Amino acid sequence: MTQQQSVAVAHMDGSSAARAAHAFRLIYAEAFAGPPFHETEDDVAAAFRRFPVQTANPTFRAALAITRDGEPVGMAYGHMLAPEAVWWDELTEPVSDDMRREDGHRTFGLMEFAVREPWRGQGVARRLHTTLLGAVRAERVLLNVHPASEAASAAYRAWGYRKVGEGRPGGPGADLHDVMLLDLR
């Protein structure tokens, strides 16, 4: 039996994801510790101070991959972008008013997506993506990906995402990321 066959992927709303915060944190900490992210324990702690607020958003959706033994192996989560969302403001070059228009129902912001190293290359990421988006009612999905994360960028392109710009999620001091969009219509 391969590792992929022994991994189950579950859809979660905000309250169930909040109850499984430890699993999301473990995956996040391990997946983003290495290059090109180099997340420290302080970075992880900061990300998971935001997690309760994120999961409280009524549009929050997540997918969690775990082994039969309960070991967390991958996660993806996000929520719909509100009209006042700053994601479009973080781009280095402006986009059209039509592209940046948000109403709380148009765009799902894919905030985090990660698979732990031993389970990469086995289809877990695709299953997470499919499960997550199966519960999303939006016209499109927006995400940021570090350009040095070549495997992630290639997967997103294979799944139909296109680059619409570059941005610095988190502000001017952040690394430059590719901003990618998937049309779900």
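Read on for a plain summary of the structure. All figures in this text were calculated on a predicted structure; none of them were measured in a lab.

**Quick look at the environment of M99**
Consideration 1: Looking at the element boundaries, M99 is found in helix α4 (residues 97-100).
Consideration 2: Taking the C-alpha atoms as reference, M99 lies 18 Å from R137; in sequence the two are 38 residues apart.
Consideration 3: Sequence-distant contacts of M99, defined by excluding residues within four places in its chain, comprise W88, R106, R140, R162, V164 and L181.

**Topic: the pairing of strand β5 (residues 140-145)**
Consideration 1: For β5, a buried count of 5 out of 6 residues is recorded, marking the element as mostly surrounded by other parts of the structure.
Consideration 2: With 4 bridges joining them, strand β4 (residues 107-115) and β5 adopt parallel strand pairing. Looking at β5, one finds that L110 is bridged to L143.
Consideration 3: What joins β4 to β5 is helix α5 (residues 124-134), and the crossover it makes is right-handed.
Consideration 4: Summarising the sheet, β5 and strand β7 (residues 177-183) pair through 6 bridges and their orientation is antiparallel. Paired with L142 across the strands is L181, a residue of β7.

**Quick notes on the nonpolar core**
Consideration 1: Membership of the largest hydrophobic core comes to 25 residues, with the highest contact counts inside it found for F108, L110, V124, Y156 and Y161.
Consideration 2: For this core, the elements supplying multiple residues, two or more each, are β2 (61-67), β3 (72-80), β4, α5, β5 and β7.
Consideration 3: Residues contacting V124, with those up to four places away along its chain left out, are V7, A65, V73, V115 and W119.

**Brief notes about the environment of S153**
Consideration 1: Relative to the helices and strands, S153 resides in helix α6 (residues 150-158).
Consideration 2: Residues S153 and G134, spaced 19 residues apart in sequence, show a C-alpha to C-alpha distance of 21 Å.
Consideration 3: When sequence neighbours within four positions are dropped, the list of residues in contact with S153 reads V145, H146, P147 and M180.

**A short note on the sheet that holds β3**
Consideration 1: The 7 strands are arranged β1-β2-β3-β4-β5-β7-β6 in an open sheet whose pairing can be described as mixed. Among the strands making up the open sheet, the edge pair consists of β1 (7-13) and β6 (162-167). With strand direction ignored, the average angle separating the axes of adjacent strands in the sheet is 25°.
Consideration 2: Inspection of the sheet shows β1 paired to β2 by 7 bridges, in the antiparallel sense.

Calculation notes
Residues numbered from 1 in each chain as written. Predicted model: local features only at pLDDT ≥ 70, side-chain atom pairs only at ≥ 80, totals over all residues. Heavy atoms only, no water. Helix = DSSP H or I, 4+ residues; strand = E, 2+ residues; numbered from the N terminus. Contact = heavy atoms within 4.5 Å. Buried < 20%, exposed > 50% of the residue type's maximum accessible area, 1.4 Å probe, protein only. Pairing = 2+ DSSP bridges. Right-handed = clockwise from strand over helix to strand, strands pointing away. Core = buried A, V, L, I, M, F, W, Y, C linked by side-chain atoms within 4.5 Å. Axes fitted to C-alpha atoms, helices over the stretch in contact; angles between N-to-C directions.

The analysis is restricted to geometry; functional conclusions fall outside its scope.
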